[in-house]
Amino acid sequence: MVDRNLQNFYGRLGRIERIHDSGGGFEAEGTLGMSYYNKHRRRTRVGRRGWLAPLVLIVCTVVAIKALVHSVVGPETYSERVAALQSGTEIEKFAAYVLQADPLTVGLSSQIRQFTR
């Protein structure tokens, strides 16, 4: 036997949940409720720079690690190791390209050497 009151109750409950999921709610007229803020919410800039910030962080980390290794092993040994990588497989050649001592790496390396002495 079907209880019509129970079906009516679940129907109203489903309608209320759909309204809440779409950002609505039970608000008195003239108040600033959830629907007002959802309607007037501005998009943040996180969506536009969502991929740029992690990329910059990765590049800065790679340069910092290169500078640390360059300052610890010295410029001659570092260039020898990069040259050894260049004669390896394709992955090693790519690693050698990434690990080349660029001016930023050399500059940071000299700054690190000044602080460690």
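Read on for an overview of the structure. (Residues numbered from 1 in each chain as written. Predicted model: local features only at pLDDT ≥ 70, side-chain atom pairs only at ≥ 80, totals over all residues. Heavy atoms only, no water.)

Glancing now at the overall build of the protein chain. A tally of helices and strands in the protein chain yields six helices and zero strands. In sequence order, the protein chain lays out its α and β elements as α-α-α-α-α-α. Counting all 117 residues of the protein chain, 12% fall into the buried class. The long-range fraction of contacts in the protein chain, counting pairs at least 24 apart against all pairs at least 6 apart in sequence, stands at 46%. Total accessible area on the protein chain is roughly 10,000 Å²; 61% of this is exposed by carbon and sulfur atoms. (Helix = DSSP H or I, 4+ residues; strand = E, 2+ residues; numbered from the N terminus. Buried < 20%, exposed > 50% of the residue type's maximum accessible area, 1.4 Å probe, protein only. Contact = heavy atoms within 4.5 Å. Areas by Shrake-Rupley, 256 points an atom, 1.4 Å probe, with all protein chains shown as cover.)

The next point concerns the packing of helix α4 (residues 75-86) against helix α5 (residues 90-99). Two numbers describe how α4 lies on α5: the axes approach to 7 Å, and their chain directions differ by 150°. On the basis of the axis angle, α4 is roughly antiparallel to α5. For the pair α4 and α5, the sense of crossing is left-handed. Between α4 and α5, the residues in contact are Tyr78, Val82, Leu85 and Gln86 and Glu92, Lys93, Ala95, Ala96 and Leu99, respectively. Tallied by class, the residues present in the contact of α4 with α5 amount to six nonpolar, one polar and two charged. (Axes fitted to C-alpha atoms, helices over the stretch in contact; angles between N-to-C directions. Parallel < 35°, antiparallel > 145°, perpendicular 65-115°, else oblique. Left-handed = near helix turned anticlockwise from the far one by under 90°. Nonpolar A, V, L, I, M, F, W, Y, C, P; charged D, E, K, R; others polar.)

Moving on: the environment of Leu108. With respect to the helices, strands and loops of the structure, Leu108 is situated in helix α6 (residues 103-116). We classify Leu108 as partly exposed; its relative accessible area is 34%. It is 8.4 Å that separates the C-alpha atoms of Leu108 and Ser71, two residues lying 37 residues apart in sequence. For Leu108, the contacting residues outside a window of four places in its chain are Val63 and Ala67.

The next subject is the pattern of salt bridges. Counted according to the given criterion, the structure contains two salt bridges. Ionic pairing is found between Lys66 and Asp102, a salt bridge with its closest N-O pair at 2.6 Å. Of this pair, Lys66 sits in helix α3 (residues 52-73) while Asp102 sits in the loop between α5 and α6; the two residues are 36 residues apart in sequence, bridging distant segments of the chain. Judged by relative accessible area, Lys66 falls into the buried class, the value being 5%. (Salt bridge = Lys/Arg side-chain N within 4 Å of Asp/Glu carboxyl O.)

This part takes up a nonpolar patch on the surface. A contiguous nonpolar surface patch, about 570 Å² in accessible area, is contributed by Ile58, Val62, Phe94, Tyr97, Val98 and Leu99. At the level of elements, α3 and α5 are the ones that each hand at least two residues to the nonpolar patch. With four residues, the top contributor of residues to the nonpolar patch is α5. Along the polypeptide, Leu99 turns up in helix α5. (Patch = residues over 30% accessible without salt bridge, like charges linked within 9 Å, V, L, I, M, F, W, Y side chains within 5 Å.)

Read these as geometric descriptors, not functional statements.
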